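Given next are the chains, with one letter for each unit.
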Amino acid sequence: MLKAFQALPTEKRTQDMKERDYLWCLVQMILDREEELDRLCPECRSRAEEARCPACGRPAPRWGEGAANPAFDLGRFEELKGGGGR
């Protein structure tokens, strides 16, 4: 939320906010988003609600490579995570 208001945690206006202020802002942002979606036709709304890459706009299910690494060896990872005896 601080990113949305371009405010750093060290700024006075941020430090003066109470938990209820953050909650109020979050609720308002959710309501604003719903209003934006309500203005769209059903086809555009479904596209707007899809998880997409923020850079190219490709839907998440089409990301393919990088979503899962078939070469990843969980057993080897767990072995090395423990320090590998070093």
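Up top is the structure.
Calculation criteria
Residues numbered from 1 in each chain as written. Predicted model: local features only at pLDDT ≥ 70, side-chain atom pairs only at ≥ 80, totals over all residues. Heavy atoms only, no water. Salt bridge = Lys/Arg side-chain N within 4 Å of Asp/Glu carboxyl O. Helix = DSSP H or I, 4+ residues; strand = E, 2+ residues; numbered from the N terminus. Buried < 20%, exposed > 50% of the residue type's maximum accessible area, 1.4 Å probe, protein only. Contact = heavy atoms within 4.5 Å.

Section: the pattern of salt bridges
- Applying the stated rule across the entire model yields 8 salt bridges.
- A salt bridge links arginine 45 to aspartate 38; its shortest N-O distance comes to 2.8 Å.
- The closest approach of N and O atoms between glutamate 79 and arginine 76, which form a salt bridge, is 2.9 Å. Here glutamate 79 and its partner arginine 76 are both found in helix H4 (residues 74-81), 3 residues apart, which amounts to about one turn of the helix.
- Connected through salt bridges with shared partners, the residues Glu34, Asp38, Arg45 and Glu49 form a single ionic network.

Details of unusual backbone geometry
- Phi angles above zero are rare outside glycine, and glutamine 6 is one such case at about 50°.
- Along the chain, the position of glutamine 6 falls in the segment before helix H1 (12-15).
- Using a relative accessible area of 69% as the deciding quantity, one classes glutamine 6 as exposed.

Observations regarding the side chain of threonine 14
- Among the secondary structure elements, threonine 14 is positioned in helix H1.
- If we skip the residues at most four places from it in the chain, threonine 14 touches Leu2, Ala7, Leu8, Pro9 and Tyr22.

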